[in-house]
Amino acid sequence: MPIIATQGLTMRFPRVTALDDLSVAVEPGVVGLVGANGAGKSTLIKILLGLLPPSTGTASVLGMDIAREGVKIRESVGFMPEYECLPPDVSATEFVVHMARMCGLPPTAARERAADTLRHVGLYEERYRPIGGYSTGMRQRVKLAQALVHDPKLVFLDEPTNGLDPAGRDEMLDLIRRIGAEFGISVLVTSHLLGELERVCDHVVIIDGGRLLRSQAVEAYTTESGVLTVEVDEGRDALHRVLHEHGAAVRAEGRFLVVDIAGESTYDLVRDGVAELGLRLIRMEQRRHHIEEVFQETPAAPGPPGANVPNLPQGAPR
Ligand SMILES: Nc1ncnc2c1ncn2[C@@H]1O[C@H](COP(=O)(O)OP(=O)(O)OP(=O)(O)O)[C@@H](O)[C@H]1O
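Everything in this summary refers to the structure shown in the same document. As the structure is a computational prediction, the values presented were derived from the model and not from experiment.

## So, the sheet that holds strand S4 (residues 56-61)
Taking strand neighbours across the sheet as the criterion, the four strands line up as S2-S1-S4-S5 in an open arrangement whose pairing is antiparallel. Edge positions in the sheet fall to strand S2 (17-26) and strand S5 (64-65), since each of these pairs with one other strand and no more. Across the sheet, helix H1 (residues 41-48) touches strand S1 (4-12), S2 and S4, and the angle it forms with S1 is around 115 degrees.

## What about the sheet that holds strand S10 (residues 211-217)?
Taken together, six strands build an open sheet; the order of strands is S6-S7-S8-S3-S9-S10 and the sheet is mixed. Two strands close off the open sheet at either side, each with one partner strand: strand S6 (77-80) and S10. In this sheet, adjacent strand axes meet at a mean angle of 15 degrees when their direction is disregarded. As paired strands, strand S9 (residues 203-208) and S10 are joined by six bridges and run antiparallel to one another. What sits directly across from Ile206, in S10, is Arg214. Of the strands in this sheet, strand S3 (30-34), strand S7 (154-157) and strand S8 (186-191) touch helix H6 (residues 166-181), which is tilted by about 155 degrees from S8.

## A few points about the site of the ligand
Taken together, Phe13, Val16, Ala18, Gly35, Asn37, Gly38, Ala39, Gly40, Lys41, Ser42, Thr43 and Glu159 make up the full set of residues adjacent to the ligand. Broken down by element, the residue count for the shell around the ligand peaks at three residues, all from H1. Grouping the amino acids of the shell around the ligand by side-chain chemistry returns four nonpolar, six polar and two charged.

## Some words on the pairing of S9
Within S9, six of the six residues are buried, which leaves the element mostly enclosed by the surrounding structure. Here S9 shows a buried face lined by His203, Val205 and Ile207 and a second buried face lined by Val204, Ile206 and Asp208. Sheet topology note: the S3/S9 ladder contains four bridges and is parallel. Paired with Val31 across the bridge in S9 is His203. Hairpin remark: S9 followed by S10, antiparallel, with two residues in the connecting loop; positive phi at Gly209, about 55 degrees.

## Considering the packing of helix H3 (residues 92-102) against helix H5 (residues 136-148)
At a closest axis distance of 9 Å, the pairing of H3 and H5 adopts a crossing angle of 25 degrees. Judged by the inter-axis angle, H3 sits roughly parallel to H5. Where H3 crosses over H5, the two elements pack in a sense that is right-handed. On the side of H3, the interface is formed by Ala92, Phe95, Val96 and Met99, while H5 contributes Val142, Ala145 and Gln146.

## So, the environment of Leu33
On the secondary structure map, Leu33 appears in strand S3. Accessibility expressed as a C-beta count within 10 Å gives 28 for Leu33, which makes it buried. Here the alpha-carbon distance between Leu33 and Asp158, two residues 125 residues apart in the chain, equals 9.2 Å. Ignoring sequence-local partners within four residues, the contact set of Leu33 consists of Lys41, Leu188, Val189, Thr190, Val205 and Ile207.

## Topic: unusual backbone geometry
Only a minority of non-glycine residues have a phi that is not negative, and only a minority of peptide bonds are not trans. One non-glycine residue, Leu62, lies in the positive phi region at around 50 degrees. Assessed through the 18 C-beta atoms surrounding it within 10 Å, Leu62 is described here as partly exposed. Positive phi, normally seen in glycine, also occurs at Glu159, with a value near 50 degrees. If you trace the backbone, Glu159 turns up in the loop between S7 and H6. For Glu159, a count of 19 C-beta atoms within 10 Å translates into the label partly exposed.

Cut-offs used in this document
- Residues numbered from 1 in each chain as written.
- Predicted model: local features only at pLDDT ≥ 70, side-chain atom pairs only at ≥ 80, totals over all residues.
- Pairing = 2+ DSSP bridges.
- Helix = DSSP H or I, 4+ residues; strand = E, 2+ residues; numbered from the N terminus.
- Contact = placed C-beta atoms within 7 Å.
- Axes fitted to C-alpha atoms, helices over the stretch in contact; angles between N-to-C directions.
- Near = placed C-beta within 6 Å.
- Nonpolar A, V, L, I, M, F, W, Y, C, P; charged D, E, K, R; others polar.
- Buried ≥ 20, exposed ≤ 12 C-beta atoms within 10 Å, placed from the backbone.
- Parallel < 35°, antiparallel > 145°, perpendicular 65-115°, else oblique.
- Left-handed = near helix turned anticlockwise from the far one by under 90°.

Dropping the structure here:
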């Protein structure tokens, strides 16, 4: 059963259509929702939580209908909002216990769950200090903990890496991966950075201007390309020459050689060239596409000039 399914979901605000006839279904796992700022990600989350009725269309979350079963959906789904929502004067422990109580847990269970969850997200002694003194990374962890404290089957994480430095971003991405892999909780995580989702997601949905561009398993985005990356210890230029002389389409890229694959013979050619020159082969592998490259190849949907050109920052950490 899909964890999320939408049919013709449309959300019109007075000045903008935030979601435009969106039909998509995703299976359990870690699912990325990618789009530039204003693409409609937060609007979709609000609709899926049953907090905002769509203009037209239908949707279900964990098999529950958003129009009729919003309360049940919110009982089963955790939500980490993008915006700042933490009270500065209470500690992380007090806040997360309070959220657990709001979800209906009895006092002792709420305290135990809060302690476990805060430990899982990497907050230890600091959890007794007022949140007002926390770094951005620590505040993001508290927001994540409150989303997980009632043991949901699914969590919506809206831009969880926003505002984090590269190290904090890596830690948050690792946490997200663990939520899916170790705790068996499905995740819908939004980001405007494609590269970072490639690392943690099983499936990625790309939207632009409220419309669906693609919905695919990550492996489908990162299919093998037609080039071979070759790395040798020393003698890169000599190998370049030899391969070129044997008719291979070869070019240097940093310390690598990149060779177009013309068939099985290309592998033999590289192996023979390395042997002939007496070099040490460190790596010979078929290169995989990165999601960002695939996305750049996606043709823009029809519309006014520039309206559908995704404006996604490149070079995200991988
Ligand atoms: N309550 C609202 N009233 C009017 N317009 C809105 C409202 N909420 C969102 N929008 C508009 O809908 C579009 C989609 O917004 P949304 O917040 O869903 O995008 P997003 O992909 O989450 O981007 P961001 O990461 O910047 O929040 C934007 O043009 C936004 O200005």
